[in-house]
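# Architecture at a glance
Here is what each chain is made of, one letter per residue.
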Amino acid sequence: MNWLLANPDRVRELTVEHLYLSIIPVVAGLIIALALGLVFGNRRRARNIITTAASAVFTIPSLALFVVLPSILGTQILDPVNVLVALSMYSAALLVRTVFDALDAVPAQVLSAAEAIGYSPARRRLLVDLPLAIAPLAAGLRVAAVTNVSLVSVGAVIGIGGLGQLFTSGYQRDYPDQILAGIIMILLLAFVLDRLIAVAGRVMTPWLHVSLKIVAPAGTEPATGNPASAASQSGGGK
Amino acid sequence: MITFESVSKTYPGGTQALENLDLDIATGSFTVLVGPSGCGKTTSMRMINRMATPTSGRVLVNGQDVAEIRPVSLRLGIGYVLQNGGLFPHRTVIDNIATVQRLLGLDKKAARAKAYEALERVGLNASLAKRFPAQLSGGQQQRVGVARALAADPPILLMDEPFSAVDPIVREELQQEVRRLQAEIKKTIVLVTHDIDEALLLGDKIAVMAPGGTLQQYATPHEILTRPANGFVGSMVSKDRGFRALSFSTLDEFSSTALPPRGADGRISMAAVAPGWMLDLDPEARTALWINEAGTTFPAATMVRRGDSVRSALDAVLASPVSAALLLDANDVPGAYITLEDLAPHLRPSPVAGA
Ligand SMILES: Nc1ncnc2c1ncn2[C@@H]1O[C@H](COP(=O)(O)OP(=O)(O)OP(=O)(O)O)[C@@H](O)[C@H]1O
Ligand SMILES: [Mg+2]
């Protein structure tokens, strides 16, 4: 704890680095996974290939990937891009399965209704399937984000690891207080990201969090409100 | 006009859902497809908007083979109501209703304004507009489903067992509502049900289907009741058949008795039909009360008009505590009454329905 309090600038610098090293890959991974899921979700063969590839990616040790990527990408060994690309691959691999499952869980009758009233397949995917998949997606995203926060520290071994560098340097200098500082900050970061995504997921799915207790007496009697005025009130809403 | 031309459908796996269906559905008519579970009702209806494809034969809408129309534009012109409402759980009531108009390219504000009109048309209060479907009762969801199908004012409306998921009271309410709507908006409606009563109540024309997807009879409710084409149709309508047939004979020429003049207390004595009973009539408010010796009052809820069905006149007489129903004159003022004796000549069993 002493080290943590004595070096606020260094901690802030490492935290910021850690943050962008973990957030950018999650966002990139989500975009890749969503694109794959929305395009190939209904195609069985493509899906099988993608999930197999995703499992394969996930079994590559992160350190190996950090080291191999420069020769593939033509980057310097110490370039943070290596870490970003590697972690994006993991995130995408982790999320693509979630995306498939989340889209599968959307009730088939809702989709059939959408099709029957005139949604084109692409429009339906974006405006019906996707919003209805948000809740399980957010759950998967939380796992991916937390996983990433911990994976970033491995990058410290090749010199780009955000707070992970507190582990390497603390270990080399036999300075447990520094290692403890790293653990605390990483846990904190993971916790904050997890909560943020959870809250965002909730905010984006208001229909799942409404009280079901309103029992309207208003239901079936003839409408009394003036539809025109009601409509204009609602015009600016949402 | 919707036309089925020798349409057959065999699903992969070999289920024969439809066999050689020929059907002409007139523009502006209310057609009901009725039959037991699995007889291909849903399949045939879904062929109209290309949600299902015939294995052989063609389906035409206004003379054009639907196979040649782009599914999306075909469907945007056909309202579709599903059994459980089929609402989008993530959209509010008003946005559910506005969906089709949004798909047609209307901006949000205009689409919502239209949606409020549709909401009102199906008898829902505007206060429900901002709720999500999960916050509605089954009957309300069903109405929202109907409103969504109506909002874009499509000429054709398809309804797949729209009332089967609600309780009998709500169902009856919704059926009346749909009848009223149809009288108002005159769309071509195709409704699927397995409830023959619903079919007889709602349809101008009824297509009775049997397992294997074979059409048994396509006729008006009256014909179905009085001249069932075969034993299958006959057994479907056998319950209450004689009584139901009374729905289709109207009361035009019949006897009635003029109400006696008012007494000193302003009441009319009904002693001629029920000793001790009086009638308290308020022609202004068009209300009437039957009053017995003890002074207990019974509102005369149903009154009869010339041209009503024999069935509803009979019901009005049977429901009256004095066994007489008030008859409204051309100005909607009760001036006479009818009794069972006046109806008796009209209660002859229909020659063919008697079987
Ligand atoms: N997608 C499908 N694949 C295979 N068979 C199907 C499919 N849809 C329907 N069937 C079969 O076709 C037959 C007719 O089905 P359909 O849904 O048209 O019946 P229905 O008259 O609407 O029945 P219900 O009153 O139960 O809704 C049934 O035997 C059904 O099992
Ligand atoms: Mg069906």
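Residue and element names in this part refer to chain B. Each assigned domain of chain B is listed here: domain 1 (2–248) and domain 2 (251–346). Computed from C-alpha atoms alone, the centre-to-centre distance between domain 1 and domain 2 is 39 Å. Taken together, the four residues of domain 1 in the interface contact five residues of domain 2. The junction of domain 1 with domain 2 conceals about 450 Å² of combined surface from both sides, 67% of it contributed by carbon and sulfur atoms.

Before going further, it helps to examine a nonpolar patch on the surface. All names here are of chain A. On the surface, a cluster of nonpolar side chains totalling about 760 Å² of accessible area is made up of Leu-63, Val-67, Val-68, Ile-72, Leu-73, Ile-77, Leu-78, Val-81 and Val-157. Considering every element that reaches the nonpolar patch, the biggest residue donor is helix α4 (residues 62–73), with five residues. Relative to the assigned elements, Leu-73 resides in helix α4. Among the residues examined, Leu-73 registers a relative accessible area of 39% and is labelled partly exposed.

All names here are of chain B. Judged by how many residues are buried, strand β9 (residues 205–210) sits mostly within the fold: five of six residues are covered. Here four bridges tie strand β3 (residues 30–34) to β9, and the two strands are oriented parallel to one another. Each residue of the ladder has a partner; that of Val-34, found in β9, is Val-208. In the sheet, β9 pairs with strand β10 (residues 214–219) via five bridges, with the strands oriented antiparallel. By the bridge assignment for β10, Ile-206 is matched with Ala-219. Hairpin connection between β9 and β10: a loop of three residues separates the two successive antiparallel strands, and Gly-212 in this loop has a positive phi of roughly 95°.

Below, the discussion takes up the site of ligand 1. All names here are of chain B. Near ligand 1, the surroundings consist of Tyr-11, Thr-15, Ala-17, Ser-37, Gly-38, Cys-39, Gly-40, Lys-41, Thr-42, Thr-43 and Glu-161. Gly-40 is positioned such that a nitrogen or oxygen atom in its backbone is 3.0 Å from an oxygen atom of ligand 1. Bound to the protein, ligand 1 loses 61% of the 630 Å² it would expose on its own. In terms of residue count, the dominant contributor to the shell around ligand 1 is helix α1 (residues 41–48) (three residues). The residue inventory of the shell around ligand 1, partitioned by class, reads three nonpolar, six polar and two charged.

A few words on the nonpolar core. Residues Val128(A), Ile2(B), Phe4(B), Ile48(B), Leu158(B) and Val190(B) are the most contacted members of the largest nonpolar core, which totals 80 residues. Here the element with the most residues in this core is helix α5 (residues 80–104) of chain A; it accounts for 12 residues. Ala115(B), Val146(B), Ala219(B) and Leu225(B) belong to the second largest nonpolar core, which has 48 residues in total.

This part covers the packing of aromatic side chains. Applying the stated criterion across every chain yields a total of three aromatic pairs over all chains. An angle of 85° between the planes, with centres 5.8 Å apart, marks the rings of Tyr119(A) and Phe88(B) as edge-to-face. In this pair, Tyr119(A) sits in the loop between α6 (108–117) and α7 (121–132) while Phe88(B) sits in the loop between β6 (78–81) and α3 (93–103), so the two residues belong to two different chains. A single burial state applies to Tyr119(A) and to Phe88(B), both of which are buried. When the ring centre of Phe88(B) is taken as origin, the NZ or CZ atom of Arg91(B), which lies over that ring, is 5.0 Å away. The cationic tip of Lys205(B) hangs over the ring face of Tyr218(B); the distance from NZ or CZ to the ring centre is 4.1 Å.

Residues and elements named next belong to chain A. The N-to-C vectors of α6 and α7 enclose an angle of 160°; their axes lie 11 Å apart at closest approach. The angle between α6 and α7 places the two elements in the roughly antiparallel class. The element α6 and its partner α7 pack so that their crossing is right-handed. In contact with Val-110, Leu-111 and Ala-114 of α6, α7 contributes Arg-124, Val-128, Asp-129 and Leu-132. Here the contact of α6 with α7 is composed, by residue class, of five nonpolar, no polar and two charged.

A word on the sheet that holds β9(B). Pairing between the strands of a sheet is mediated by backbone hydrogen bonds and can be parallel or antiparallel. All names here are of chain B. One open sheet holds the six strands; their spatial order is β6-β7-β8-β3-β9-β10, and the pairing between them is mixed. Of all the strands in the sheet, just β6 and β10 have a single pairing partner and so form its edges. Strand-to-strand twist of the sheet, defined as the mean angle between neighbouring strand axes without regard to direction, takes the value 15°. Examined bridge by bridge, β6 and strand β7 (residues 156–160) share four bridges and lie parallel to one another. Counted as the bridge partner of Tyr-80 is Leu-158 from β7. Set on the sheet, α1 makes contact with β3, β6, β7, β8 (188–193) and β9; between it and β8 the angle comes to about 155°.

Turning our attention to the sheet that holds strand β12 (residues 268–269) of chain B. Residue and element names in this part refer to chain B. Here four strands make up an open sheet; going across it, the order is β12-β13-β14-β15 and the pairing antiparallel. Each of the sheet's edge strands pairs with one partner strand only, and the pair in question is β12 and β15 (297–299). Relative to strand β14 (residues 287–291), strand β13 (residues 278–282) is paired through five bridges, and the arrangement is antiparallel. The residue bridging Asp-282 from the neighbouring strand is Thr-287, located in β14.

Residues separated by three or four positions in an α-helix point in the same direction, a consequence of the helix having 3.6 residues per turn. Residue and element names in this part refer to chain B. Those residues of helix α11 (residues 310–319) lying buried are Val-310, Ala-313, Leu-314, Ala-316 and Val-317. Relative to the axis of α11, the buried residues are bounded by an arc of 160° and lie together on one face. Among the exposed residues of α11, those oriented more than 90 degrees off its buried face are Leu-318 and Ala-319. Packed against the buried residues of α11 are α10 (241–245), β16 (304–305), β17 (324–328), β18 (334–339) and α12 (340–343).

All right, on to the environment of Ala336(B) then. Residue and element names in this part refer to chain B. Tracing the backbone through its elements, the reader meets Ala-336 in strand β18. Residue Ala-336 is classed as buried on the basis of its relative accessible area, which comes to 11%. Along the sequence, Ala-336 and Leu-326 sit 10 residues apart, while their C-alpha atoms lie 6.0 Å from each other. Contact partners of Ala-336, with chain neighbours within four places excluded, come to Ser-256, Thr-257, Ala-258, Leu-259, Ala-325, Leu-326 and Leu-327.

Calculation criteria
Residues numbered from 1 in each chain as written. Chains lettered and ligands numbered in written order. Predicted model: local features only at pLDDT ≥ 70, side-chain atom pairs only at ≥ 80, totals over all residues. Heavy atoms only, no water. Domains from an automatic or database assignment. Contact = heavy atoms within 4.5 Å. Buried area = accessible area lost by both parts, 1.4 Å probe. Patch = residues over 30% accessible without salt bridge, like charges linked within 9 Å, V, L, I, M, F, W, Y side chains within 5 Å. Areas by Shrake-Rupley, 256 points an atom, 1.4 Å probe, with all protein chains shown as cover. Salt bridge = Lys/Arg side-chain N within 4 Å of Asp/Glu carboxyl O. Helix = DSSP H or I, 4+ residues; strand = E, 2+ residues; numbered from the N terminus. Buried < 20%, exposed > 50% of the residue type's maximum accessible area, 1.4 Å probe, protein only. Pairing = 2+ DSSP bridges. Near = heavy atom within 4 Å. Polar contact = N/O pair within 3.5 Å; in protein donor to acceptor, adjacent residues only side chain to side chain. Nonpolar A, V, L, I, M, F, W, Y, C, P; charged D, E, K, R; others polar. Core = buried A, V, L, I, M, F, W, Y, C linked by side-chain atoms within 4.5 Å. Phe/Tyr/Trp six-rings, centres within 6.5 Å; stacked < 30°, edge-to-face > 60°. Lys NZ or Arg CZ within 6 Å of the ring centre and 35° of its normal. Axes fitted to C-alpha atoms, helices over the stretch in contact; angles between N-to-C directions. Parallel < 35°, antiparallel > 145°, perpendicular 65-115°, else oblique. Left-handed = near helix turned anticlockwise from the far one by under 90°. Arc of directions from axis to C-beta.

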